[in-house]
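# Survey of secondary and tertiary structure
Each chain, written out:
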Amino acid sequence: MSEGSQPKVEANILVLGAEKVGKSALTVRFLTRRFIGEYGDIESVYTHNVMVGGRDVCFSIWDSSCPQAAELQGWVSEKQLRWADGFVVVYSICDRSSFHLARQQLQRIRQLKRRSGSEKVPVILVGNKRDLQHRRAVSSEEGRLLALSMNSGFFEISAAETYHGALVVFHELLDLVRDSRSSGKKAVGIRGIVRTMSAVFGRRRTE
Ligand SMILES: Nc1nc2c(ncn2[C@@H]2O[C@H](COP(=O)(O)OP(=O)(O)OP(=O)(O)O)[C@@H](O)[C@H]2O)c(=O)[nH]1
């Protein structure tokens, strides 16, 4: 099939994280290649059509706003979880409390996704504001270890400094989403084969 006639890839991406970590800055940088500086607190879903690796991809990106109430800070709603194919969990390397919140959100995503039977969950942990080294409060090692423990991807970027960091995060997440879809199909395929085999052999044993 020529590349042109391949169906468009759709990916719903939920961007999570504490207040002021740079969720909007990361999202807008990916959408527009630009860093604006100040963003409204409005929660938005953006659609972004782009070619990735020769494929037509439609990203829907939900730039979530962090719940105000402290007890809901680590909250990820079932609606958000059902909507999202992949997750970007953002913290600021200058803000330890945002790193702890990221851990809570990663745990909640895995817990809820496991309950729904999803083994592989496409998630990227992002340590933002890497340009503020003099104010660093979370080491790269801590970020890498948290990502490893949660079986998620990991990048330290600066949405303020470059477009490339944002690009890599969303493209890597797209790969994880496509991998999880293909392994999901394989799993169904394998389950289907096992069911057929057991139906055939099972029937023979009882005949
Ligand atoms: N130095 C630096 N500042 C950043 C970076 N990314 C975002 N900021 C600043 O951090 C502040 C918050 O950025 P936002 O993108 O609004 O953060 P947010 O997580 O969407 O914030 P809420 O919508 O309140 O949850 C703004 O003043 C941005 O200019 C970065 O990479 N480096």
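Small disclaimer: the values here were computed from a predicted structure and weren't measured.

## Quick look at the overall build of the chain
Within the chain one finds 5 helices and 6 strands. Scanning the chain from its N terminus toward the C terminus, one meets helices and strands in the order β-α-β-β-α-β-α-β-α-β-α. When burial is assessed residue by residue, the chain has 43% of its 207 residues classed as buried. A sequence separation of at least 24 residues applies to 74% of the contacts in the chain between residues at least 6 apart. Put simply, the chain shows about 11500 Å² of open surface, and 53% of that area lies on carbon and sulfur atoms.

## Notes on the site of the ligand
The full set close to the ligand counts 20 residues, and Lys23, Ala25, Gly37, Glu38 and Asp131 are the nearest of them. The separation between an oxygen atom of the ligand and a polar main-chain atom of Gly22 is 3.0 Å. With respect to the ligand, the backbone of Ala159 contributes an N or O atom lying 3.0 Å from an oxygen atom. The protein chains hide 89% of the 650 Å² of surface that the ligand would expose on its own. A total of 3 residues in the shell around the ligand trace back to one element, the largest contributor, which is helix 1 (residues 23–32).

## Thoughts on the pattern of salt bridges
Applying the stated criterion across every chain, the model contains 4 salt bridges. Taking the shortest distance from any N to any O, the salt bridge between Arg181 and Asp85 comes out at 3.2 Å. Placement of the pair is Arg181 in helix 5 (residues 164–206) and Asp85 in the loop between helix 2 (78–83) and strand 4 (86–92), with a sequence separation of 96 residues. Between Arg136 and Glu156 there is a salt bridge; the shortest N-O distance is 2.8 Å. Here Arg136 is found in the loop between strand 5 (123–128) and helix 4 (140–149), whereas its partner Glu156 is found in strand 6 (residues 153–156), with 20 residues between them in sequence. Judged by its relative accessible area of 13%, Glu156 is buried.

Rules used throughout
Residues numbered from 1 in each chain as written. Predicted model: local features only at pLDDT ≥ 70, side-chain atom pairs only at ≥ 80, totals over all residues. Heavy atoms only, no water. Helix = DSSP H or I, 4+ residues; strand = E, 2+ residues; numbered from the N terminus. Buried < 20%, exposed > 50% of the residue type's maximum accessible area, 1.4 Å probe, protein only. Contact = heavy atoms within 4.5 Å. Areas by Shrake-Rupley, 256 points an atom, 1.4 Å probe, with all protein chains shown as cover. Near = heavy atom within 4 Å. Polar contact = N/O pair within 3.5 Å; in protein donor to acceptor, adjacent residues only side chain to side chain. Salt bridge = Lys/Arg side-chain N within 4 Å of Asp/Glu carboxyl O.

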